[in-house]
Amino acid sequence: MNKTKPRRRYLSQSVTMEFVSPEGLRLDGRRPLEMRQLRAEIGSISKADGSTVFEMGNTKVIAAVYGPRE
């Protein structure tokens, strides 16, 4: 006799809120289909074998790769 647990189905609901003015602009002044400015810089850390800086809005990402050390 093989007893298995009953399967439960979980439903999740995703809620997305957009703050758009009556003129059709977001809070930061962009239109709904307009993206933030993206800035990328490579070779930003001189001692790393490879490095980059990405900026999009208030978000900044710095990544560096260092090779094997002997």
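These numbers were taken from a predicted model, which means no experiment stands behind them.

1. A look at the side chain of glutamate 55
As for its placement among the helices and strands, glutamate 55 is situated in strand β2 (residues 50–56). In this structure the side chain of glutamate 55 is engaged in a polar contact, spanning 2.6 Å, whose partner is the side chain of arginine 39. Excluding its chain neighbours within four sequence positions, the residues that come into contact with glutamate 55 are Gln37, Leu38, Arg39 and Lys60.

2. Observations regarding the side chain of serine 51
On the secondary structure map, serine 51 appears in strand β2. Of note is the side chain of serine 51, whose polar atom sits 3.0 Å from the backbone nitrogen of serine 44.

3. Comments concerning the sheet that holds strand β3 (residues 59–65)
Taken together, the three strands give an open sheet; going across it, the order is β1-β2-β3, and neighbouring strands pair in antiparallel fashion. If you trace the sheet from one side to the other, it starts and ends with β1 (38–42) and β3, each paired once. Averaged over all pairs of adjacent strands, the angle between strand axes in this sheet comes to 10°, irrespective of strand direction. Alignment of β2 against β3, held across seven bridges, turns out to be antiparallel. Among the inter-strand pairings, methionine 56 is bridged to a residue of β3, identified as threonine 59.

About the criteria used
- Counting restarts for each chain: residues are numbered from 1 in the order of the written sequence.
- Since the coordinates come from a predicted model, pLDDT governs what is reported: local features require at least 70, and pairs of side-chain atoms require 80 or more to be given and counted, while whole-chain, interface and lining totals use all residues.
- With hydrogens and water stripped out, all remaining heavy atoms of the structure feed into the side-chain values.
- Segments assigned H or I by DSSP are reported as helices when at least four residues long, segments assigned E as strands when at least two residues long, and all are numbered from the N terminus.
- For the purposes of these results, a polar contact is taken to be a pair of N or O atoms within 3.5 Å, where, inside protein, one atom must be able to donate a hydrogen and its partner to accept one; residues adjacent in sequence count only when each atom of the pair is a side-chain atom.
- A contact between two residues is defined here by any heavy atoms of the two lying within 4.5 Å.
- Only strands that DSSP links by at least two bridges are regarded as paired with each other.
- The axes are straight lines fitted to the C-alpha atoms, using for helices just the contacting stretch, and the angles between their N-to-C directions are given from 0 to 180°.

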